[in-house]
Structures are given as C-alpha cells and as structure tokens.
Amino acid sequence: NVQLISGAPLSNAGMFVSMQTQMLICYGSTDEQNIGIDKDPLLVKWSAQGDYTDFTISTTSQAGSRRLPQGSKIVGGLSVPGSELLWTDLDLWSMNYLGSLAAGVWGFNKIGSNCGLIGKHAATRQGSAVYWMGTSNFWATGQGQPQAIPCTVWDSVFQNLNTAYQHRCWAWSNSPFNEIWFFFPRASTSATEPDAYVKYNTREG
C-alpha cells in the first residue's frame, strides 16, 4: 500500500536503494523553506540506515541531505558495488559511504565531466562496469574515469534523435550475450517513444 511517510521529501525526481547501506537515496527532492516547500533538482536526500521510512535528521540517525554544486538537475542514479552513482545533465558523481554521522555519512566526488545522462533509465550495469547513454555519446566506466564508447553508427543515433523525447531513452543489459542495448526515439519517424535501438558487445568492443 502507498502511504505518506512523515519527514520524507514530498516529491522526488527519482530514488533508488543503496545496496551496501540499505538507505533510500532520493534525488531532485523537495526541501522545507521558510515560505513553504521548494523542489531542488540538485538536492540529494537519504534515509536512516536500514529504515526507508526515517528521514529525520538527528544526532542518532544517519539520515541527511546534500546539494550537488554543478549542473542544472540530477537525471538518474544507480547503486553499484562499493558506491552509488548520480548523473546530472552534465557530469557523473559518486557517493561513497563514510560510515558515521560525524564524518558526514556520505562523501560526494565528481568522477566524470561532460558525460551526463540523457534519461533516468538510460544507464545499466553488467558485471563491474556501468554503461549509459549521454546526450551526444555512449559511455562506460569500471573503477576509473568514464570513457566514451566508440560508435560506428553515431550519426544514425545522435543525428536522428528526437531530442524533445530524449528523456525516454533507456538501456538494458543482455548479460548472456555480453550486450548492452540502448533504445531511443527517432526524429525521422517523429517517434515519441523509443522505436529503435543500437547494441554494444562488451566482449568484442
């Protein structure tokens, strides 16, 4: 059943569960201001550890919030082994668990520039690597810096992308065949939902 959680942000652009800490990570969240409720597209809020319903900030809880300093909005997020990832429209950030309230709970580090996410569901994981679609390129990262994926059909994708609906792009990991599929709406067909895809073989490159 859907229920209103006291103290939780009233609205979010998205959310996911941190696998390592069992915290609910919300982004593009609302915040209480003196004049009421304000939605901040760069605000990250997280629940207490092990309790997705507790967002109360106190000396006995690790619930808290942080605002990313760059970009215009957080587009998507993904929990991966060892850290959490947040994409803005411009960059890629990692959230690293610091373990205590005194340490700040989470450390935020920008690990990639000009490699933002095109749509909330346009990132996926296969093994230890993460793959995503940006506004003008495909990207991948393991433990290091994001790298652009060479694309022999770049023109067919990014020059035929219906940018008015690019937020509906999405990615899928076809693990048994070592493939990543990226779905997108074409401008040539005036598609408002993805009607074409390109696939990348992670073994063959």
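Read on for an overview of the structure. (Residues numbered from 1 in each chain as written. Predicted model: local features only at pLDDT ≥ 70, side-chain atom pairs only at ≥ 80, totals over all residues. Heavy atoms only, no water.)

If you trace the backbone, Gln62 turns up in the loop between strand E5 (43-46) and strand E6 (64-67). Side-chain polar atoms of Gln62 contact the side chain of Tyr97, separated by 2.7 Å. Separated by 3.4 Å, the side chain of Gln62 and the backbone oxygen of Gly99 make a polar contact. Among residues more than four places away in sequence, those in contact with Gln62 are Met23, Trp46, Ser47, Gln49, Tyr97, Gly99, Ser100, Leu101 and Val105. (Helix = DSSP H or I, 4+ residues; strand = E, 2+ residues; numbered from the N terminus. Polar contact = N/O pair within 3.5 Å; in protein donor to acceptor, adjacent residues only side chain to side chain. Contact = heavy atoms within 4.5 Å.)

Most peptide bonds take the trans configuration, and most residues that are not glycine carry a negative phi. Positioned with a positive phi, Gln22 is a non-glycine residue whose angle comes to about 55°. Locating Gln22 in the fold gives a position in the loop between strand E1 (14-17) and strand E2 (24-27). Judged by its relative accessible area of 36%, Gln22 is partly exposed. Phi at Asn178 takes a positive value of approximately 55°, unusual for a residue other than glycine. You can see Asn178 is positioned in the loop between strand E15 (170-174) and strand E16 (179-184). (Buried < 20%, exposed > 50% of the residue type's maximum accessible area, 1.4 Å probe, protein only.)

We now examine the side chain of Ser79. Within the secondary structure, Ser79 is located in strand E7 (residues 74-80). Here Met19 takes part through its backbone nitrogen, which lies 2.9 Å from a polar atom of the side chain of Ser79. A distance of 2.6 Å separates the side chain of Ser79 from the side chain of Glu84, its partner in a polar contact. Those residues within four positions of Ser79 in sequence are excluded, and the remaining contacts are Phe16, Val17, Ser18, Met19, Glu84 and Arg125.

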